[in-house]
Amino acid sequence: MDILGDLLAPYSSVIAKCVCTVTCLHYMSGAFLLNEIRKVGCSDGFPPDPFLGGVVLTVLSCKLGTLMGDEAMVKVNMFGFCINVIFTLTHFWYASGTFKMKIWTKIGVAAVFTITCLAYANFEDPYKIEFRFGMLITGLLIYLVGMPLLELDAIINRKTTDGLSLPMTLAGAVVSAAWVIYAISIKNSMLTYQNALLLILSSIQLSLFAIYPNTISLMDKNPSLLFLEQKRSNKKTSNPSKDIHNKKFN
């Protein structure tokens, strides 16, 4: 790895710009999930965790970038913070009244967790904080990226990857690979192993898309949408003129 790092080191600034671009595009991939929510007309069937987790992650990553003196990391995560806030608000807008209360609870938990982590960073030993804070972010990343794998049994039993987003998963794999290359170029072992693990998790999820198709329709995701569609079908099949004719003769 040291040899590869020596080869990439002269190009680290160029690699950093490429990584920033790819990461910003990855943050935008959440728009695909919002488009699904728009089609359904309700976000109740879609947990806000990816967006809330993105807000928390970008705040903590900005702090880590500051500790490391990495300007590229700070800039890209500031952009990611703004995007994830917008996505979270949009998700909240499409939620029902009952589900909005659950989202408020999750927002409170996320805020407390973030404030606690930032406070810890201010009191930790300066010689240990970069590694320990990086490990904290690694744990959060593993949770966010690996969360869909908690439903692995359900995916295998139903033989469908419904609930997973192919664009977001693919984008995550590309971003992780890009950060691995950048981490090697600046010879940061923590960033290298962190993103290599995320790349493995994303690759496992991508393999599921190759094995199982996404076959469940939007109707199955939202029962209320199915009810409305059935109601429309009943109106189409009924014949109003025939009903009036029968009333006259009765």
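Residues numbered from 1 in each chain as written. Predicted model: local features only at pLDDT ≥ 70, side-chain atom pairs only at ≥ 80, totals over all residues. Heavy atoms only, no water.

Draft legend 1. Representation of the overall build of the chain within the structure. Across its full length, the chain carries 13 helices and zero strands. Moving toward the C terminus, one meets the helices and strands of the chain in the order α-α-α-α-α-α-α-α-α-α-α-α-α. Among the 250 residues that make up the chain, the fraction classed as buried is 40%. Residue pairs in contact within the chain that sit at least 24 positions apart in sequence constitute 78% of those at least 6 positions apart. (Helix = DSSP H or I, 4+ residues; strand = E, 2+ residues; numbered from the N terminus. Buried < 20%, exposed > 50% of the residue type's maximum accessible area, 1.4 Å probe, protein only. Contact = heavy atoms within 4.5 Å.)

Draft legend 2. Spotlight on helix H3 (residues 30-40). Those residues of H3 that sit buried are Gly 30, Leu 33, Leu 34, Ile 37 and Val 40. Looking down the long axis of H3, one finds its buried residues gathered within 115 degrees of arc, a one-sided arrangement. Backbone geometry just downstream of H3 places Gly 41 in the positive-phi region, at approximately 90 degrees. (Arc of directions from axis to C-beta.)

Draft legend 3. Quick peek at the side chain of Asp 70. Residue placement: Asp 70 occurs in the loop between helix H4 (49-68) and helix H5 (71-93). In this structure Asp 70 is buried but unpaired, with Lys 75 as the nearest side chain of opposite charge at 9.6 Å. Reaching out from Asp 70, the side chain makes a polar contact with the side chain of Tyr 182 at a distance of 2.9 Å. Residues within four places of Asp 70 in sequence aside, it is in contact with Gly 65, Tyr 182 and Ile 186. (Lys, Arg positive; Asp, Glu negative; His and termini not counted. Salt bridge = Lys/Arg side-chain N within 4 Å of Asp/Glu carboxyl O. Polar contact = N/O pair within 3.5 Å; in protein donor to acceptor, adjacent residues only side chain to side chain.)

Draft legend 4. Local environment of the packing of aromatic side chains. Per the counting criterion, the structure on display carries three aromatic pairs. Seen from their ring centres, Phe 92 and Trp 104 are 5.5 Å apart, and the 75 degrees between their planes marks the pair as edge-to-face. Residue Phe 92 is found in helix H5, and its partner Trp 104 is found in helix H6 (residues 97-123); the two are separated by twelve residues along the sequence. (Phe/Tyr/Trp six-rings, centres within 6.5 Å; stacked < 30°, edge-to-face > 60°.)

Draft legend 5. The nonpolar core, seen in detail. Leu 60, Leu 64, Phe 133, Ile 137, Trp 179 and Tyr 182 are the most contacted members of the largest nonpolar core, which totals 43 residues. For this core, the secondary-structure elements that each account for two or more residues are helix H2 (12-28), H3, H4, H5, H6, helix H7 (129-146), helix H9 (166-185) and helix H10 (189-211). Among all residues touching Tyr 182, those that are not within four sequence positions of it are Ser 12, Ile 15, Ala 16, Val 19, Asp 70 and Ala 72. Core analysis: the second largest hydrophobic core is formed by seven residues, Leu 149, Ile 155, Leu 201 and Leu 208 among them. (Core = buried A, V, L, I, M, F, W, Y, C linked by side-chain atoms within 4.5 Å.)

Draft legend 6. The packing of H5 against H6, seen in detail. The contact between H5 and H6 brings their axes to 9 Å, and the two run at 150 degrees. Considered as vectors, H5 and H6 are oriented roughly antiparallel to each other. Together, His 91, Phe 92 and Trp 93 of H5 and Phe 99, Lys 100, Ile 103 and Trp 104 of H6 make up the contact between the two elements. Among the residues making up the contact of H5 with H6, the classes are represented as five nonpolar, one polar and one charged. (Axes fitted to C-alpha atoms, helices over the stretch in contact; angles between N-to-C directions. Parallel < 35°, antiparallel > 145°, perpendicular 65-115°, else oblique. Nonpolar A, V, L, I, M, F, W, Y, C, P; charged D, E, K, R; others polar.)

Draft legend 7. Spotlight on the environment of Leu 152. With respect to the helices and strands, Leu 152 occurs in helix H8 (residues 152-158). A sequence separation of 56 residues divides Leu 152 from Leu 208, and the C-alpha atoms of the two residues are 9.1 Å apart.

Draft legend 8. Spatial organisation of unusual backbone geometry. Residues other than glycine seldom take positive phi values, yet Lys 187 does so here, at roughly 55 degrees. Relative to the helices and strands, Lys 187 is located in the loop between H9 and H10.

Draft legend 9. Seen up close, the packing of H3 against H5. At a closest axis distance of 11 Å, the pairing of H3 and H5 adopts a crossing angle of 10 degrees. For the element pair H3 / H5, the angle class is roughly parallel. For the pair H3 and H5, contact is made by Gly 30, Ala 31, Leu 34 and Ile 37 and by Phe 87, Thr 90 and His 91, respectively. Residue composition of the contact of H3 with H5, grouped by class: four nonpolar, three polar and no charged.

Draft legend 10. Seen up close, the UniProt feature "transmembrane region" (unreviewed entry) in the chain. The sites that carry the UniProt feature "transmembrane region" (unreviewed entry) are, in the present numbering, residues 14-34, 78-96, 103-121, 133-152, 164-185 and 191-212. The annotated region residues 133-152 carries 75% helix and 0% strand content, and the separation between its end C-alpha atoms amounts to 30 Å. The span residues 164-185 shows a helical share of 91% and a strand share of 0%, and its end C-alpha atoms are spaced 32 Å apart. (UniProt positions renumbered as here; feature names shortened; annotations may be inferred.)

Draft legend 11. Quick look at H6. Relative to the 39 Å expected for 27 residues at 1.5 Å per residue, H6 spans 40 Å between its end C-alpha atoms, a close match to the ideal helical length. Phe 99, Ile 103, Ala 110, Thr 114, Cys 117 and Ala 121 are the residues of H6 that are buried. Of the surrounding elements, those touching the buried residues of H6 are H4, H5 and H7. (Expected span 1.5 Å × (residues − 1).)

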